[in-house]
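A structural walkthrough
Spelled out from the first residue to the last, the chains are:
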Amino acid sequence: MTQARQTDYPIDPLFTQRWSPRAFTGEQIPEESLLALLEAARWAPSAYNAQPWRFIYARRDTPSWQPVFDNLVEFNRGWAHKAAALVVVLSHKQYTAPGAAESQPNAWHSFDTGAAWASLAFQATLSGWHAHGLGGFDANGLRASLGIPDDYAVEAVIAVGKLGDKASLPEALQARETPNTRRPLAELVADGRFDFAA
Ligand SMILES: Cc1cc2nc3c(=O)[nH]c(=O)nc-3n(C[C@H](O)[C@H](O)[C@H](O)COP(=O)(O)O)c2cc1C
């Protein structure tokens, strides 16, 4: 299914095998398996090793599921209801240096938390699961429902599940249910100076 993804340079297939399906089977994920994906996220690099990422997980058929699911936008509820787990990704905006009395703003809280989510997604691929990042949710609703304080940014929600049959999706989504591609590398990198088309 990932054959359509061609790379400009040779890389490990893991990077093209990871993709974000919407058709999930509805199969449950054992807590141990989900924690193993979060373990991969734990080992991401971060500025000052501050590790600003935090994850609130909600497995389907547990009481944790509904408050997270209810805060997804309608479009995402339309397919994510068959995910095995929803993971709310937070980042701590403040950082307390070792030995310091006061915390200070961490300029890299989002950047580093992005690295952690990517690690989770790649580990999911390696472990036979799929992870699909979501930006379509009500952040204030999640804050209120889950008790998330203001000094934590609500970065994303990740749907984790086992790949399902695309026929289970609403018709409009079935055509999009295939790994997409990327801009050419030449559009994304420049030697020594900003040189990108608008
Ligand atoms: C932060 C973030 C937010 C996203 N938001 C949504 C979303 O709300 N709904 C959705 O269906 N897909 C969402 N996606 C999935 C992207 O559309 C997808 O990752 C992108 O098209 C690249 O495809 P791939 O992950 O299959 O390689 C999001 C992905 C990320 C990383």
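What counts and how
- Residues numbered from 1 in each chain as written.
- Predicted model: local features only at pLDDT ≥ 70, side-chain atom pairs only at ≥ 80, totals over all residues.
- Heavy atoms only, no water.
- Phe/Tyr/Trp six-rings, centres within 6.5 Å; stacked < 30°, edge-to-face > 60°.
- Helix = DSSP H or I, 4+ residues; strand = E, 2+ residues; numbered from the N terminus.
- Buried < 20%, exposed > 50% of the residue type's maximum accessible area, 1.4 Å probe, protein only.
- Salt bridge = Lys/Arg side-chain N within 4 Å of Asp/Glu carboxyl O.
- Expected span 1.5 Å × (residues − 1).
- Contact = heavy atoms within 4.5 Å.
- Pairing = 2+ DSSP bridges.
- Axes fitted to C-alpha atoms, helices over the stretch in contact; angles between N-to-C directions.
- Core = buried A, V, L, I, M, F, W, Y, C linked by side-chain atoms within 4.5 Å.
- Near = heavy atom within 4 Å.
- Polar contact = N/O pair within 3.5 Å; in protein donor to acceptor, adjacent residues only side chain to side chain.
- Areas by Shrake-Rupley, 256 points an atom, 1.4 Å probe, with all protein chains shown as cover.

**Let's talk about the packing of aromatic side chains**
The geometry of an aromatic ring pair is captured by two quantities: the separation of the ring centres and the angle between the planes. Summed over all chains, the structure comprises 6 aromatic pairs. Taking 6.1 Å as the distance between ring centres and 65 degrees as the angle between the ring planes, the aromatic pair formed by Tyr-48 and Trp-108 counts as edge-to-face. Taken as a pair, Tyr-48 in the loop between helix H2 (31-42) and strand S1 (53-59) and Trp-108 in the loop between strand S4 (104-105) and helix H5 (109-126) lie far apart in primary sequence, 60 residues in all. Between Phe-194 and Phe-196, the ring centres sit 4.9 Å apart and the planes meet at 85 degrees, which makes this aromatic pair edge-to-face. Judged by its relative accessible area of 68%, Phe-194 is exposed. An aromatic cluster is present here, built from Tyr-48, Tyr-95 and Trp-108 joined pairwise through their rings.

**Some thoughts on the pattern of salt bridges**
Applying the stated criterion to the full structure yields 3 salt bridges. The residue Glu-27 makes a salt bridge to Lys-162 at a minimum N-O spacing of 3.8 Å. Of the two residues, Glu-27 is situated in the loop between helix H1 (14-17) and H2 and Lys-162 in the loop between strand S6 (152-161) and helix H7 (171-174); the sequence distance between them amounts to 135 residues. The partly exposed category is assigned to Glu-27, whose relative accessible area is 38%.

**Thoughts on H5**
In an α-helix there are 3.6 residues to a turn, and that puts residues three or four apart on one side. Here H5 is 18 residues long and its end C-alpha atoms lie 26 Å apart, about the 26 Å a rise of 1.5 Å per residue gives. Taken together, the buried positions of H5 are occupied by His-109, Asp-112, Thr-113, Ala-116, Leu-120, Ala-121, Phe-122, Ala-124 and Thr-125. Against H1, H2, S1, strand S2 (85-92), strand S5 (130-134) and S6 lie the buried residues of H5. Just downstream of H5, Gly-128 is the residue with a positive phi angle, here 85 degrees.

**Here we look at the environment of Ile-158**
Position of Ile-158 among the secondary structure elements: in strand S6. Along the sequence, Ile-158 and Ala-83 sit 75 residues apart, while their C-alpha atoms lie 9.6 Å from each other.

**Some points on the sheet that holds S5**
One open sheet accounts for 4 strands, arranged S1-S2-S6-S5; its pairing is antiparallel. Each of the sheet's edge strands pairs with one partner strand only, and the pair in question is S1 and S5. Adjacent strand axes in the sheet meet at a mean angle of 25 degrees when their direction is disregarded. Strand direction decides the pairing type here: S2 and S6, joined by 8 bridges, are antiparallel. Bridged to Leu-90 within S6 is Val-154. In this fold H5 packs onto S1, S2, S5 and S6, with an angle of close to 150 degrees to the strand it touches most, S5. Strands S1, S2 and S6 of the sheet are contacted by helix H6 (residues 139-146), whose axis makes an angle of about 90 degrees with S6.

**Remarks on the nonpolar core**
Across soluble globular proteins, nonpolar side chains show a tendency to be buried alongside one another. Of all hydrophobic cores here, the largest spans 23 residues; its most connected members are Leu-72, Trp-79, Leu-86, Leu-142 and Val-157. Elements with a minimum of two residues in this core: helix H3 (65-69), helix H4 (74-80), S2 and S6. Ranked by the residues each element gives to this core, the list is headed by S6, at 4 residues. In this view, Trp-79 contacts Pro-21, Arg-22, Phe-24, His-132, Leu-134, Ala-159, Leu-169 and Leu-173; residues no more than four positions away in its chain are not counted. In this structure, Leu-34, Leu-38, Val-87 and Val-89 belong to the second largest nonpolar core, which totals 19 residues.

**Looking at the site of the ligand**
Close to the ligand lie 15 residues, the nearest being Arg-5, Arg-18, Ser-20, Gly-135 and Arg-182. Residue Arg-18 places a side-chain N or O atom 2.8 Å away from an oxygen atom belonging to the ligand. A distance of 2.8 Å separates an oxygen atom of the ligand from a polar atom in the side chain of Arg-182. Protein chains bury 66% of the 620 Å² of accessible surface belonging to the ligand in isolation. Every element with two or more residues in the shell around the ligand is listed here: H4 and S5.

Just geometry here; none of it tells us what the structure is for.
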